[in-house]
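Survey of secondary and tertiary structure
What follows is each chain in one-letter form.
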Amino acid sequence: MTVSGRHRVASVAVTGATGFIGGYIVRDLLARGLHVVGVVRNPAKGAALAAAGVELREADLQDPGALARAFDGVDAVVANAAMVSVGGRSLDDLIRTNLQGTDNVLEAMAQAGVQRCVMMSSAAAYQAKSGHIYVESDPLRDPSRRVHRVLYYSVSKAAAERHAWERAAELHLDLT
């Protein structure tokens, strides 16, 4: 399988593989005949993935060393994991967590020699517009504007995406 016509991809690591969207990503990659590495915090939650043929590697988004080890030998990373629920946290906490997690994934990729990253974002990361059809070049939400708690995740994803583009350029990574 090729991505962008430049990279042959045979092995893909997926962060957040045990989550809702992660499960769909993993199943699709397996159906395409790829070797899938599920990067998970809790391998016990990945028993069904392992039974389906996913190689599980344990790492937390806040541990760049463990992430680098988890990415060892893969051809690409799908950066899917993020904190979704605010719980008792502030907007700043959620942004910091998702931004640092994104940074750690990109840094770990560079350490492991993995060049290709597909970052999962959210349509909610973009400034609202009529029609609800968004493209990567649309403006992202402004993290400095006050928003209701319901939109904290959206603002954190916008901040993480903005940061990912900057860091990927600095680290010479191919980012989608």
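This report concerns the structure included in the present document. (Residues numbered from 1 in each chain as written. Predicted model: local features only at pLDDT ≥ 70, side-chain atom pairs only at ≥ 80, totals over all residues. Heavy atoms only, no water.)

Some thoughts on the environment of Glu55
With respect to the helices and strands, Glu55 occurs in strand 5 (residues 55–58). Placed 18 residues apart in sequence, Glu55 and Val37 show a C-alpha to C-alpha distance of 4.7 Å. Reaching out from Glu55, the side chain makes a polar contact with the side chain of His35 at a distance of 2.8 Å. Looking at Glu55, its side chain comes within polar contact range of the side chain of Arg57, at 2.9 Å. (Helix = DSSP H or I, 4+ residues; strand = E, 2+ residues; numbered from the N terminus. Polar contact = N/O pair within 3.5 Å; in protein donor to acceptor, adjacent residues only side chain to side chain.)

Section: empty space enclosed by the protein
If you walk through the whole model with that rule in mind, you get 1 cavity of 30 Å³ or more. Taken together, 14 residues form the lining of the largest cavity, with Ala81, Ala82, Asn98, Gly101 and Thr102 sitting closest to its centre. The greatest single-element share of the lining of the largest cavity, amounting to 5 residues, is contributed by helix 4 (residues 91–112). When the residues that make up the lining of the largest cavity are grouped by side-chain class, the tally is 8 nonpolar, 5 polar and 1 charged. (1 Å grid on protein atoms, 1.4 Å probe; cavity = no way out; pocket = protein on both sides within 12 Å on 5 of 7 lines; lining within 4 Å. Points joined across faces, edges and corners; volume = space filled by probe spheres on them. Nonpolar A, V, L, I, M, F, W, Y, C, P; charged D, E, K, R; others polar.)

A word on the nonpolar core
Core analysis: the largest hydrophobic core is formed by 25 residues, its most contacted members being Val39, Phe71, Val77, Val105 and Met109. Counting residues per element, the ones that place at least two in this core are strand 4 (35–40), helix 3 (64–71), strand 6 (76–79), helix 4, strand 7 (116–119) and helix 5 (152–171). Among the elements that make up this core, the one with the highest residue count is helix 3 (5 residues). Ignoring sequence-local partners within four residues, the contact set of Phe71 consists of Ala13, Thr15, Val39, Arg57, Val77, Val105, Ala108, Met109, Ala112 and Val114. Among the nonpolar cores identified, the runner-up in size contains 13 residues, and Val12, Ala17, Ile25 and Leu34 belong to it. (Core = buried A, V, L, I, M, F, W, Y, C linked by side-chain atoms within 4.5 Å. Buried < 20%, exposed > 50% of the residue type's maximum accessible area, 1.4 Å probe, protein only. Contact = heavy atoms within 4.5 Å.)

Focus on the layout of surface pockets
Of the voids in this model, the largest pocket is the one considered here, and its volume is about 680 Å³. As for the largest pocket, its lining consists of 30 residues, of which Gly16, Arg41, Ala81, Ala82 and Met83 are closest to the centre. Breaking the lining of the largest pocket down by element, the ones donating at least two residues are helix 1 (20–31), strand 4, helix 4 and helix 5. Looking at the lining of the largest pocket, its residues break down into 13 nonpolar, 13 polar and 4 charged.

Some thoughts on the side chain of Asn98
Among the secondary structure elements, Asn98 is positioned in helix 4. A relative accessible area of 5% places Asn98 in the buried class. Within the local environment of Asn98, its side chain forms a polar contact with the backbone nitrogen of Met83, the two atoms lying 2.7 Å apart. Looking at Asn98, its side chain comes within polar contact range of the side chain of Ser156, at 2.9 Å. With near-sequence residues (within four places) excluded, Asn98 lies in contact with Ala82, Met83, Tyr153, Ser156 and Ala160.

Quick notes on the pattern of salt bridges
For the coordinates displayed, the defined rule picks out 5 salt bridges. The closest approach of N and O atoms between Asp28 and Arg32, which form a salt bridge, is 2.8 Å. Using a relative accessible area of 38% as the deciding quantity, one classes Asp28 as partly exposed. Between Asp103 and Arg167 there is a salt bridge, with the nearest N and O atoms lying 2.7 Å from each other. With a gap of 64 residues between them, Asp103 in helix 4 and Arg167 in helix 5 connect regions that are remote in the sequence. Here the salt bridges share partners, and the residues they tie into one network are Asp103, Glu107, Arg167 and Glu170. (Salt bridge = Lys/Arg side-chain N within 4 Å of Asp/Glu carboxyl O.)

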